[in-house]
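Understanding the architecture of this molecule
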Amino acid sequence: MSTILAHIQDQEAIELTRQLIRIPSFLWRESEIGTWLADWMSARGYDVELQTVPLDDGNATHQAIGTLRGDGDGPSLMLCGHTDTSDWNGDVFRRDQWTHDPFGAEIADGKIYGLGALNMKAGLASMLMAGEALRRSGKPLKGDLIIACVVAETGGGVGALHLIESGCRPDNCIVTEAGNLDVGLISVGYVQGKIRLHGEFKHRVPYVNPIEKAARVIDAFSPSYVRIPRAEDGGWLRYQAHPLLPGYPSMAIRNIEHYQDTTTVAFDLRIIPGMTEEGVCEDMRARLEQIRREDDEFKYELLIPQSDQQPNMPARAATAPDAPLVKELIAAHKQVTGAAPRVGAGHRIGATADTCHFKGVGITCVEYGPGFIPVWPMVDECVSMDQIITASKTLALTADAMLT
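Scope of this entry: the structure provided in the associated data block. Every chain begins its residue count from 1, and numbering advances along the sequence as written. Reporting of local features is limited, given that this is a predicted model, to residues whose pLDDT is at least 70; pairs of side-chain atoms are given and counted only at 80 or more, and all residues count toward the totals for whole chains, interfaces and linings. As a rule here, side-chain values come from all non-hydrogen atoms in the structure, and water together with hydrogens is ignored.

**Quick notes on the overall build of the protein**
Secondary structure summary: the protein contains nine helices and 15 strands in total. Between the two quantities, the radius of gyration covers C-alpha atoms and the globule rule is 2.2 Å times the number of residues to the power 0.38. Its C-alpha radius of gyration of 22 Å places the protein within 12% of the 22 Å reference for a compact globule of 404 residues. Taken across its 404 residues, the protein has 54% of its residues classed as buried. When the 37 basic and 53 acidic side-chain charges of the protein are each reduced to a single mean position, those positions are 3 Å apart. Elements are defined by DSSP. Helices are runs of H or I of four residues or more, strands are runs of E of two residues or more, and each kind is numbered from the N terminus. Working definition: with a 1.4 Å probe on protein chains only, accessible area under 20% of the residue-type maximum means buried, over 50% means exposed, and in between means partly exposed. The positive count covers Lys and Arg only, the negative count covers Asp and Glu only, and His and the chain ends enter neither. Positions of charges follow a simple convention, taking NZ of Lys, CZ of Arg, CG of Asp or CD of Glu.

Next up, the structure:
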């Protein structure tokens, strides 16, 4: 086993995860944890930038980027995780059903419980511990190691986009999403938006009820998260199937709001490589126009993306399985666990990640991180301590192989 692992203390990784859970970091409100992480890395000698990420509502949030500098003789590596946790109207998902304090970081049955434990403070802790192993070893680095703790992945990857716009262009990147320690070469993207239906506000006939029109929309866009047939096969969506993403693309209606004469239907469409936001918009509009031709009282607006502040996530091609980063990550996982990891779409099939934005600017990128997701969203969110330790060691070995 590599000497780099002598610089990882299992309990330190566990306690760091717990500390991160205790710091609330709801979507768009990550400044406290960003500042904490910046101070943590600064105290250990990293070159640190606390980036201010402006938001469209006039506010701002903050993300911490720490770097261990190499001599420039080798490729650079970024370990990236997001600091935002799930947010349900500013609160914890079904808080009244939790049996553990969402910010208590309690330990039970080999797991740590708390909001963000799984998604993805365990991933953050693992990459921080990997960085520390490399720093403590004192080995000279050929390429930079960047530790990127970004905001707003669940808000469309706003933090990752800001990082890219700031000029960050590492050669390689591992995003430490909760993937059950699978090596993720590919992710779906998503197109999220709203369909606003207009009716009349009165209490007599004729009455155009937009709620009834919403029912037609729901019927028109297939069962929730069931693969949508291609247009050539009788469906309404144009695409070419991808062998690593069986069951996709798929779609679900996620929310319905009604006020006076307007009903708004929010949707989430999971897309695959080759599909674009523009193409999806064209196909959805054609489907809605078909309804309008059949019903002259059907009046709608198609709003994509769902808000100015939250962009959609594109779907990118799979990372090559023979890329050096992939090979080293697989070898490191084998060294730590004694077994080969699952490689492909993996445990996170159907989920998105900031990998899509990094791939979009030519960065070789994969997903690898601790955490098994039984269902999402999750009451009593938790993560296995064993997986945190395994991920920390695997990431450290990979960084050692890529940078020294």
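Structure's up, so let's keep going.
**Considerations on the state of the cysteines**
Criterion for a disulfide: a pair of cysteine sulfur atoms at a distance within 2.5 Å. In this structure the tally under the stated criterion is zero disulfides. For Cys-168, which is in no disulfide, the shortest distance to another cysteine sulfur is to Cys-173 and amounts to 8.4 Å. What makes Cys-168 buried here is its relative accessible area of 13%. Considering cysteine sulfurs only, Cys-173 is the nearest to Cys-365, which forms no disulfide, with 3.7 Å between them. Taking the relative accessible area as the measure of exposure, Cys-365 reaches 1% and is therefore buried.

**As for the layout of surface pockets**
In this analysis a 1.4 Å probe is tested at points of a 1 Å grid over the protein atoms alone, and where it fits but cannot get out there is a cavity; an open set with protein on both sides within 12 Å along at least five of seven lines is a pocket; lining residues have an atom within 4 Å of a point. Grid points are joined across faces, edges and corners, and a volume is the space filled by probe spheres set on the points. Of the volumes computed, that of the largest pocket is approximately 1,600 Å³. Contributing elements (two or more residues each) for the lining of the largest pocket: β9 (189–198), β10 (250–259) and β11 (262–271). In terms of residue count, β11 provides more of the lining of the largest pocket than any other element does, five residues in total. As a working rule, the residues Ala, Val, Leu, Ile, Met, Phe, Trp, Tyr, Cys and Pro are called nonpolar, Asp, Glu, Lys and Arg charged, and the rest polar, with Gly in that last group. Each residue belonging to the lining of the largest pocket can be placed in one class, and the counts come to 13 nonpolar, 16 polar and 10 charged.

**Remarks on the packing of aromatic side chains**
Given two aromatic rings, their pairing is described by the distance between the two centres and the angle made by the two planes. Working definition: a ring pair exists when centres of Phe, Tyr or Trp rings (six-membered ring for Trp) sit within 6.5 Å. Plane angles under 30 degrees give stacked, over 60 give edge-to-face, the rest tilted. If you walk through the whole model with that rule in mind, you get four aromatic pairs. Geometrically, the ring pair formed by Phe-298 and Tyr-300 is tilted, given 5.7 Å between the ring centres and 40° between the ring planes. Considered together, Phe-298 and Tyr-300 belong to a single accessibility category, that of buried residues. Geometrically, a charge over a ring is one whose NZ (Lys) or CZ (Arg) sits within 6 Å of the ring centre while staying within 35 degrees of the ring normal. The aromatic ring of Trp-40 is capped on one face by Arg-44, whose charged end is 3.9 Å from the ring centroid.

**Structural notes on the packing of helix α2 (residues 31–42) against helix α3 (residues 117–137)**
Interaxial angle, 0 to 180 degrees, is taken between N-to-C directions of lines fitted to C-alpha atoms, where a helix line uses only the stretch in contact. Two numbers describe how α2 lies on α3: the axes approach to 12 Å, and their chain directions differ by 15°. Judged on the interaxial angle alone, α3 and α2 are roughly parallel. Every pair of crossing elements has a handedness; the one defined by α2 and α3 is right-handed. Residues Ile-33, Leu-37, Trp-40 and Met-41 of α2 form the contact with α3, whose own contacting residues are Lys-121, Leu-128, Met-129 and Glu-132. In terms of residue class, the contact of α2 with α3 is built from six nonpolar, no polar and two charged. When describing relative orientation, an angle under 35 degrees is termed roughly parallel and one over 145 degrees roughly antiparallel, while 65 to 115 degrees is termed roughly perpendicular and anything else oblique. In this scheme the handedness of a crossing depends on how the near helix is turned from the far one: anticlockwise by less than a right angle means left-handed, clockwise means right-handed. Contacts: residue pairs with any heavy atoms within 4.5 Å of one another.

**Some details on empty space enclosed by the protein**
Per the stated rule, a full pass over the model turns up two cavities of 30 Å³ or more. Within this model, the largest cavity holds a volume of roughly 60 Å³. What lines the largest cavity is a set of 14 residues, and nearest its centre among them are Ile-186, Ser-187, Thr-355, Lys-359 and Glu-367. Elements represented by at least two residues in the lining of the largest cavity include exactly α8 (355–359) and β14 (364–367). Of the residues in the lining of the largest cavity, the class split is eight nonpolar, three polar and three charged. Quantified by volume, the second largest cavity comes out at close to 50 Å³. If you trace the second largest cavity, you find it lined by Gly-179, Asp-182, Gly-184, Ala-345, Gly-346, His-347, Arg-348, Glu-367 and Tyr-368. Looking at the lining of the second largest cavity, its residues break down into two nonpolar, four polar and three charged.

**Description of the sheet that holds strand β15 (residues 382–384)**
Each pair of strands is called paired provided DSSP finds at least two bridges between the two strands. On the basis of which strands lie adjacent, the open sheet formed by three strands has the order β4-β5-β15 and antiparallel pairing. Sheet topology places β4 (107–108) and β15 at the edges, where each strand pairs with a single neighbour. Inspection of the sheet shows β4 paired to strand β5 (residues 111–113) by two bridges, in the antiparallel sense. Bridging from a neighbouring strand, Ile-107 pairs with Ile-112 of β5. Packing of helix α1 (residues 10–21) onto the sheet brings it into contact with β4 and β5, and relative to β5 it is tilted by some 15°. Along the sheet, helix α9 (residues 385–403) makes contact with β4, β5 and β15, crossing β15 at roughly 60°.

**Describing the nonpolar core**
Nonpolar side chains tend toward joint burial in soluble globular proteins. Membership of the largest hydrophobic core comes to 58 residues, with the highest contact counts inside it found for Leu-79, Leu-145, Ile-147 and Ile-174. Among the secondary structure elements, those contributing two or more residues to this core are α1, α2, β2 (60–68), β3 (77–82), α3, β6 (145–150), α7 (324–337) and α9. Excluding its chain neighbours within four sequence positions, the residues that come into contact with Ile-174 are Leu-77, Met-78, Leu-79, Cys-80, Leu-325, Leu-329, Val-366, Tyr-368, Leu-395 and Thr-398. Note on terminology: a nonpolar core comprises buried Ala, Val, Leu, Ile, Met, Phe, Trp, Tyr and Cys residues joined through side-chain atoms within 4.5 Å. Judged by nonpolar contacts, the second largest core, of 32 residues, contains Val-217, Ile-228, Trp-236 and Ile-271.

**Notes on the sheet that holds β10**
Sheet strands pair via backbone hydrogen bonds, and the direction of the pair is either parallel or antiparallel. Strands sit in the order β10-β11-β9-β12 across an open sheet of four strands; the sheet is antiparallel. Of all the strands in the sheet, the pair left with one neighbour each is β10 and β12 (299–303). In this sheet, neighbouring strand axes are inclined to one another by 20° on average, regardless of whether the strands run parallel or antiparallel. Sheet analysis places β9 next to β12, joined by five bridges and oriented antiparallel. If you follow Ile-195 over to β12, its bridge partner there is Leu-302. Where helix α5 (residues 210–220) meets the sheet, its contacts fall on β9, β10 and β11, and the angle it forms with β9 comes to roughly 150°.

**Points about the pattern of salt bridges**
A pair can form between side chains of opposite charge whenever their charged atoms are brought close. Salt-bridge detection follows one rule: a side-chain nitrogen of Lys or Arg within 4 Å of a carboxyl oxygen of Asp or Glu. Across all of its chains, the model carries 25 salt bridges by this definition. Via salt bridges that share partners, Glu-12, Arg-44, Glu-132, Arg-135 and Arg-136 belong to a single interconnected network.

By themselves these figures say nothing about function.
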